[in-house]
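Analysis of the macromolecular model
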Amino acid sequence: MRGDQEVRADRAGQWYGPQPDVAGAAGYPDAPPRMGFFTDTSVCIGCKACEVACKEWNAVPEDGLELTGMSYDNTQGLGADTWRHVAFIEQRKPFGGQEPGISHDDVDVFAAASSLGTDAASPGPGATTPPAGAAPAGAPAGEISPVSPDGRTELRWLMASDVCKHCTHAACLDVCPTGALFRTEFGTVVVQEDVCNGCGYCVPACPYGVIDQRKDDGRVWKCTLCYDRLGVGMEPACAKSCPTESIQFGPLEELRERAAGRVAQLHASGVTDARLYGESPDDGVGGDGAFFLLLDEPEVYGLPPDPVVTTRDLPDMWRHAAMAAVSLGALAVASFARRPR
């Protein structure tokens, strides 16, 4: 295990900006590719399988399961006892920017539903769309026609599985006085609970509000990206359990390419609000090891719009403090020199 001073020295004074070799800068000359998560929220179904798998594999305690009162979310947010959190956001708008389809404003959908399977225009057993030449008037053959009952507005669910971002420049690691937080050979950031002294310095340092102290002992806990599984060639438990592949795990550069392609695909489909969050090495934390495809502004998901590593200005702060100390010393010497003898 590596001490705090050694980790800081590895960084060679680089506190922000792009860092193409995170593991190398942390002292791993022959490190494997940097690993991470790409979470595609457009296919998240809110099943919370990732939350359950994370708790089971990492023996994370139960966290209360209290509903927020604002949604079906029963874990509320990331914390010491919730390393994966699936957010539920309900919005009164259609999915992305896609056209909702054929209008049914003048159709009695309940009467239409009651006649399914009883008329010649109804599809046969197991069919999901009208067969060619047998579609109801106004509906294109072979296509699904969304239905919006009278008096209802368009709704959509935004669901997203949030997790520690494993930042390129991790402020939590920078401020840890005991070396409990360390950078792994995979570029991730892990807490050693047996070294943590519960000082809590890392909690306000995190620009995402991820890391948290456990109430019963004061130590901090967060996602480790299943470091123990990575060491034996396994993927993290959350990604393994995701039924829709919303959580994708792999080399970070490959995930970034895949994510860019997915955004282009969604834009071509009319979902113009799709955007990536945390993938850019030029952002305020040097890029995240866990980044997201979002369908709305980051604030909607409870994410900061422009996160910046909170230790970015430490070199300037120490420089100014040193200059102030020198100035005070000079004034003290001058005052003693002018004293009458």
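For the structure itself, look to the data block above.
Regarding the overall build of the protein chain
From N to C terminus, the protein chain includes ten helices and ten strands. Burial statistics for the protein chain: of 341 residues in total, 41% are counted as buried. Across the protein chain, every contact between residues at least 6 apart in sequence was considered, and the portion connecting residues at least 24 apart equals 67%. Surface summary for the protein chain: the accessible area is close to 18,100 Å², and the carbon and sulfur share equals 56%.

Some remarks on the packing of aromatic side chains
Here the distance between the centres and the angle between the planes together describe a pair of aromatic rings. Applying the stated criterion across every chain yields a total of five aromatic pairs. Ring geometry for phenylalanine 38 against phenylalanine 291: centres 5.3 Å apart, planes inclined by 20°, an arrangement best described as stacked. Residue phenylalanine 38 is located in strand 1 (residues 35-40), and its partner phenylalanine 291 is located in strand 10 (residues 290-294); the two are separated by 253 residues in the primary sequence. Across the pair, exposure class does not vary: phenylalanine 38 and phenylalanine 291 are buried alike.

Things to note about the pattern of salt bridges
Across all of its chains, the model carries nine salt bridges by this definition. A salt bridge links aspartate 73 to lysine 48; the shortest N-O distance between them is 3.5 Å. Residue aspartate 73 is found in the loop between helix 3 (49-58) and strand 2 (85-91), and its partner lysine 48 is found in the loop between strand 1 and helix 3; the two are separated by 25 residues along the sequence. Judged by its relative accessible area of 4%, aspartate 73 falls in the buried class. It is possible to trace a salt-bridge network through shared partners that takes in Lys48, Glu51 and Asp73.

Overview of the nonpolar core
Grouped together as the largest cluster of nonpolar side chains are 64 residues, with contacts concentrated most on Phe37, Leu181, Leu295 and Tyr301. Among all residues touching leucine 181, those that are not within four sequence positions of it are Cys172, Leu173, Cys176, Val189, Val190, Val191, Cys202, Ile211 and Lys222. In this structure, Ala23, Ala26, Tyr28 and Val190 belong to the second largest nonpolar core, which totals five residues.

With respect to helix 9 (residues 252-268)
Two residues of an α-helix separated by three or four positions point the same way, owing to the 3.6 residues in each turn. Over its 17 residues, helix 9 extends 24 Å from the first C-alpha to the last, a length consistent with the 24 Å expected when each residue adds 1.5 Å. Buried within helix 9 we find Leu252, Leu255, Arg256, Ala259, Arg262, Val263 and Leu266. For helix 9, the angular spread of the buried residues around the axis is 125°, confining them to a single face. Looking at helix 9, the residues exposed on the side facing more than 90 degrees away from the buried face are Glu253, Glu257 and Ala268. Buried residues belonging to helix 9 abut strand 1, strand 8 (247-251), strand 9 (275-277) and strand 10.

Conventions and cut-offs
Per-chain numbering applies: the sequence of each chain, read as written, is numbered from 1 onward. The predicted nature of this model means local features are confined to residues of pLDDT at least 70 and side-chain atom pairs, given and counted, to a pLDDT of 80 or more, with totals for whole chains, interfaces and linings taken over all residues. As a convention, hydrogens and water are excluded, and side-chain values are obtained from all of the structure's heavy atoms. Every helix listed is a DSSP run of H or I at least four residues long, and every strand listed is a run of E at least two residues long, numbered separately from the N terminus. Under the scheme applied here, a residue whose accessible area is under 20% of the maximum for its type counts as buried, over 50% as exposed, and between as partly exposed, the area being computed with a 1.4 Å probe on protein chains only. Throughout, a residue-residue contact means that at least one pair of heavy atoms, one from each residue, lies within 4.5 Å. Every accessible area reported is derived by Shrake-Rupley at a probe size of 1.4 Å, with residue values counting cover from the shown protein chains alone. Centre distance within 6.5 Å is the pairing criterion for rings of Phe, Tyr and Trp, where only the six-membered ring of Trp is used; planes under 30 degrees apart are then read as stacked, over 60 as edge-to-face, and the remainder as tilted. One side-chain nitrogen of Lys or Arg within 4 Å of one carboxyl oxygen of Asp or Glu is enough to make a salt bridge. Nonpolar core, defined: a set of buried Ala, Val, Leu, Ile, Met, Phe, Trp, Tyr and Cys residues in which side-chain atoms within 4.5 Å join the residues together. In this scheme, a helix's expected span is set at 1.5 Å multiplied by one less than its residue total. What the arc covers is the set of directions going from the helix axis to the C-beta atoms.

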